[in-house]
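Chain residues, written in single-letter form:
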Amino acid sequence: MTKHKTAGESRKFDPNFKGPIHNRGCTDILCCILFILALLGYFAVGILAWSQGDPRKVIYPTDSRGQFCGQSGTNLEKKPLLFYFNILKCASPLVLLEFQCPTTQLCVESCPDRHLTLVKAKLGTKEDHDYYRRYCKEGVDFAQLSPPELLRDGLCPAMLMPSKAFTRRCLPALGTMKGGVVVVGNETSFDDGQGITVNATDVLQASKKSNLAVEARQVAMRIFEDYTQSWYWILLGLVIAMVVSLIFIVLLRFLAGIMVWVMIVLVILVIGYGIFHCYMEFASLKGEPGADVTIRDLGIQTDFSVYLQIRQTWLAFMIILAIVEVIIILLLIFLRKRLLIAIALIKEASRAIGHVMSSLFYPLLTFALLSVVITYWAITAVFLSTSNEQVYKVFNNSDCPYSRDTCDPATFNSSNVSAVCPDAECLFAFYGGETVYHRYLILFQFYNVFLFFWCANFVTALGQVTLSGAFASYYWAYKKPDDIPAYPIFSSLGRALRYHTGSLAFGSLILSLVQVIRVLLEYLDHKLKGANNKCAKFMLSCMKCCFWCLEKCIKFLNRNAYIMIAIYGKNFCTSAREAFFLLMRNIIRVAVLDKVTDFLLFLGKLLIVGIVGIFSFFFFSGRIRAVEDAAPSLNYYWVPILTVVVGSYLIAHGFFSVYAMCVDTLFLCFLDDLERNDGSAERPYLMSESLLSLMKKSNEEAKPID
């Protein structure tokens, strides 16, 4: 046989080789043990987090005493909203440092709905007394104490203003009149209860600070409202995407050649229609007031529909789609000769899937396992992030040497601090802690992230080995389908778990290390956004690019290594080396044929996404007159459209991932077949007749025995 010094030795003929080897042993045992120990440690971290954490800190807002508003089973069960005594203090820079307004916060049943000062309430009717008492501290003798005494001891707010509940917090009911004038409850200014007139614009600034990102939260709330209005239509769209994907796969099984050409033509037509639609919108806005404003001049707007009213947006869409269209057409022109071999490979994959129909349902198992991994990671992350203790600090209005010092609310009134600083209060500030557990909390969070990547990659690797083992059984069967083993998916899954858990853990560990480094680089990039060190930013960008490329290379090598593991049952390093050398010995075929096949499958996903996306666009934007009344009223109609498009791509990717794995497995078997066999009666090729004719190969007929 020919030897390649740089690409290993070609495979030799083995008369006993009948496909995936059944007599195999356990591989990478040390990695298997390490993975099991890591999982036990992961469970230990989860149990520790669940014993220390408290998700109520995320669900419920916390008052100044660290109590949860609206928590069932407590005396605050019927008080789900958080009320700020003086919302203006939320404009303090302290909010950005400690994420807590330096003012008393109280759990209340409902937010104030009218403007009322403490003095007016004291001079008012019994109804005013009862109304104002709701927003004072519990147990306050409102009738006996004077307004100065109530304000001095911080028992009641100086004033109430019309408010609305937003993220379970009472924030001023801000509005905007014509001319951009900010109002609170139809008033532009009002008395703060201490003889000072407050402008509604000041309240707006304080409200923004108390929210930290009021505009972003408003957008989030509108998006949430859109989801509540359109969730059933989104589900219907995803079901349609699933049905279209399934129909497409079934048609591909019986009409692979025709379907591929139909798919190519339809993708070109769908993108072409997108270009035409963008041009029509661009042309229709000509001469419209404000349509010539640029995106840069418009800036960032929370109402994204504004961007669709300017011509530049549609021009950008049109240019992007035109570039995509040109690239696809050029690729099809230059790769037209390789398309025939790629189509033959897809036909062979269709036949393989037809004989191993259970492979189409295997992604459901992968999805279920990934859901378990993601859920465990998310729950553990929430419990870890909420396992801190309540930290109280001294808040004051005048100069105080103890300002922002840690304090104990139980002993604060009898301490020296209250004597030196009479107006100081001991209020809940944030969650923290000084114990050994809290000092190593960041390491537990890192371990949670790392094990999440490792487990997720392991589940993906298990799916790849299982599918490749089943499809390899099909390829190497001398008489199809008679020689295909019964239940190939279950047989392959059993072999993977019994013999190759260590190899899968090894491959997924290498990939996880690179992914964690990428996460750390993204974290550093986020931290350096405000820095002016251009050299550091350049180096960081280079490292991010290098590790992105490294991750893609490792994924490619792992995928082919898993195929070799499924077939030959060797350890990860040996399988990766053999797969790499096999691909290097056929680098031209790999670079052209395999990538062309991937490109055709990507066009299939693009077609499904395009069809579902176009119909969802016309439906949610109310442009289909027949169902115009059925379309929900939305703030942003792009929210359900984008959700359907992304969901459709994930669904199509789930179905086509089986095809992609089948093609990759058959491709590696195809290369192996070319090296092992020569078409003679003793060493016949096992590829299909269509592949034989395209490769200009043939099998000799066995001579009859006299």
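Residues numbered from 1 in each chain as written. Predicted model: local features only at pLDDT ≥ 70, side-chain atom pairs only at ≥ 80, totals over all residues. Heavy atoms only, no water.

Some thoughts on the overall build of the protein
- When helices and strands are tallied, the protein shows 23 helices and 15 strands.
- Every one of the 706 residues in the protein was classed for burial, and the buried ones make up 45%.
- Of all intrachain contacts in the protein linking residues separated by at least 6 positions in sequence, the fraction that spans at least 24 positions is 71%.
- Taken as a whole, the protein presents about 37000 Å² of accessible surface, with 64% of it coming from carbon and sulfur. (Helix = DSSP H or I, 4+ residues; strand = E, 2+ residues; numbered from the N terminus. Buried < 20%, exposed > 50% of the residue type's maximum accessible area, 1.4 Å probe, protein only. Contact = heavy atoms within 4.5 Å. Areas by Shrake-Rupley, 256 points an atom, 1.4 Å probe, with all protein chains shown as cover.)

Focus: the environment of Glu325
- Inspection of the secondary structure assignment puts Glu325 in helix α11 (residues 311-334).
- Relative accessible area serves as the criterion here: at 11%, Glu325 is assigned to the buried category.
- With 54 residues separating them along the chain, Glu325 and Ile271 place their C-alpha atoms 6.5 Å apart.
- Ignoring any residue separated from it by four or fewer positions in sequence, one finds Glu325 in contact with Val267, Ile268, Ile271, Gly272 and Ile275.

Quick notes on the pattern of salt bridges
- In total, this model carries nine salt bridges according to the counting rule given.
- Of the charged contacts, one joins Arg559 and Asp664 as a salt bridge, the two residues approaching to 2.5 Å between their closest N and O atoms. One end of the pair, Arg559, is in helix α19 (residues 534-568); the other, Asp664, is in helix α22 (residues 638-676), and 105 residues separate them in sequence. Grouping residues by exposure puts Arg559 and Asp664 together as buried.
- Through salt bridges with shared partners, one network takes in Lys126, Asp130 and Arg133. (Salt bridge = Lys/Arg side-chain N within 4 Å of Asp/Glu carboxyl O.)

Quick look at the UniProt feature "transmembrane region" (unreviewed entry) in the protein
- Summarizing the sequence annotation, UniProt attributes the feature "transmembrane region" (unreviewed entry) to residues 29-50, 231-251, 258-276, 314-335, 356-379, 451-478, 599-622 and 634-656 in the numbering used throughout.
- From the first C-alpha to the last, residues 258-276 spans 27 Å; its make-up is 100% helix and 0% strand.
- Between the end C-alpha atoms of residues 451-478 there is a gap of 42 Å, over a span that is 89% helix and 0% strand. (UniProt positions renumbered as here; feature names shortened; annotations may be inferred.)

Points about the environment of Cys545
- For Cys545, the position within the fold is in helix α19.
- Cys545 sits 27 residues away from Arg518 along the chain, and the two C-alpha atoms are 9.4 Å apart.

Quick notes on unusual backbone geometry
- The phi dihedral of Asp28 is positive, around 50°, even though this residue is not glycine.
- Residue placement: Asp28 occurs in the loop between β2 (8-9) and α1 (29-52).
- What makes Asp28 buried here is its relative accessible area of 19%.

Brief notes about the packing of aromatic side chains
- Counted under the stated rule, the structure contains 26 aromatic pairs.
- Seen from their ring centres, Trp314 and Phe317 are 5.9 Å apart, and the 85° between their planes marks the pair as edge-to-face. Of the two residues, Trp314 and Phe317 are both situated in helix α11; the distance of three residues between them amounts to about one turn of the helix.
- Site record: aromatic cluster; members linked through ring pairs are Tyr42, Phe43, Trp50, Tyr376 and Tyr447.
- Over the ring of Tyr131 we find Arg114; its NZ or CZ atom is 4.2 Å from the centre of that ring. (Phe/Tyr/Trp six-rings, centres within 6.5 Å; stacked < 30°, edge-to-face > 60°. Lys NZ or Arg CZ within 6 Å of the ring centre and 35° of its normal.)

What about the confidence of the model for the protein?
- In this model, the protein carries an average pLDDT of 78, and 79% of its residues clear a pLDDT of 70 or more.
- Averaged pLDDT values over the elements of the protein bottom out at 40 in helix α3 (residues 94-98) and peak at 92 in α1.
- For residues 207-214, every residue scores under 50 in pLDDT, and the model assigns this stretch 20 contacts once sequence neighbours within four places are set aside.
- Every residue in residues 702-706 scores below 50 in pLDDT, and together they form one contact with partners more than four places removed in sequence or on other chains. (pLDDT = per-residue confidence, 0-100.)

Description of the state of the cysteines
- In total, this model carries three disulfides according to the counting rule given.
- Shown here is the disulfide that connects Cys136 with Cys156, its sulfur atoms set 2.0 Å apart. As the torsion about the S-S bond is roughly 120°, the Cys136-Cys156 disulfide counts as right-handed. With a gap of 20 residues between them, Cys136 in the loop between α5 (126-133) and α6 (147-152) and Cys156 in the loop between α6 and β6 (159-160) connect regions that are remote in the sequence.
- Accessibility expressed as a relative area gives 6% for Cys136, which makes it buried.
- Look at Cys156 and you get buried, because its relative accessible area is 3%. (Disulfide = S-S within 2.5 Å.)

Section: the side chain of Ser473
- Looking at where Ser473 falls in the secondary structure, it is placed in helix α16 (residues 441-475).
- Among the residues examined, Ser473 registers a relative accessible area of 9% and is labelled buried.
- Not counting residues up to four positions away in its chain, the partners in contact with Ser473 are Pro20, Pro485 and Arg495.

A few points about the packing of α1 against α16
- Between α1 and α16, whose axes approach to 10 Å, the crossing angle comes to 130°. Taken together, the axes of α1 and α16 are oblique relative to one another. In the packing of α1 onto α16, the handedness of the crossing is left-handed. Along its contact with α1, which presents Leu34, Phe35, Ala38, Leu39, Gly41, Tyr42, Val45 and Leu48, the element α16 presents Phe444, Tyr447, Asn448, Leu451, Phe452, Trp454, Cys455 and Phe458.
- Taken together, the residues of the contact of α1 with α16 sort by class into 14 nonpolar, two polar and no charged. (Axes fitted to C-alpha atoms, helices over the stretch in contact; angles between N-to-C directions. Parallel < 35°, antiparallel > 145°, perpendicular 65-115°, else oblique. Left-handed = near helix turned anticlockwise from the far one by under 90°. Nonpolar A, V, L, I, M, F, W, Y, C, P; charged D, E, K, R; others polar.)

Observations regarding the side chain of Ser508
- Examined against the element boundaries, Ser508 turns out to sit in helix α18 (residues 501-527).
- In this structure Ser508 comes out as buried when scored by relative accessible area, which is 1%.
- Each residue touching Ser508, except ones within four places of it in the same chain, is listed here: Trp454, Asn457, Phe458, Asn558 and Tyr562.

Observations regarding α5
- The complete set of buried residues in α5 reads Asp128, His129, Tyr131 and Tyr132.
- Buried-residue contacts for α5 involve β5 (116-117), α4 (118-123) and β6.

What about the environment of Ser146?
- When you line up the elements, Ser146 lands in the loop between α5 and α6.
- The spacing of Ser146 and Leu118 is 28 residues in sequence and 9.7 Å in space, taken between C-alpha atoms.

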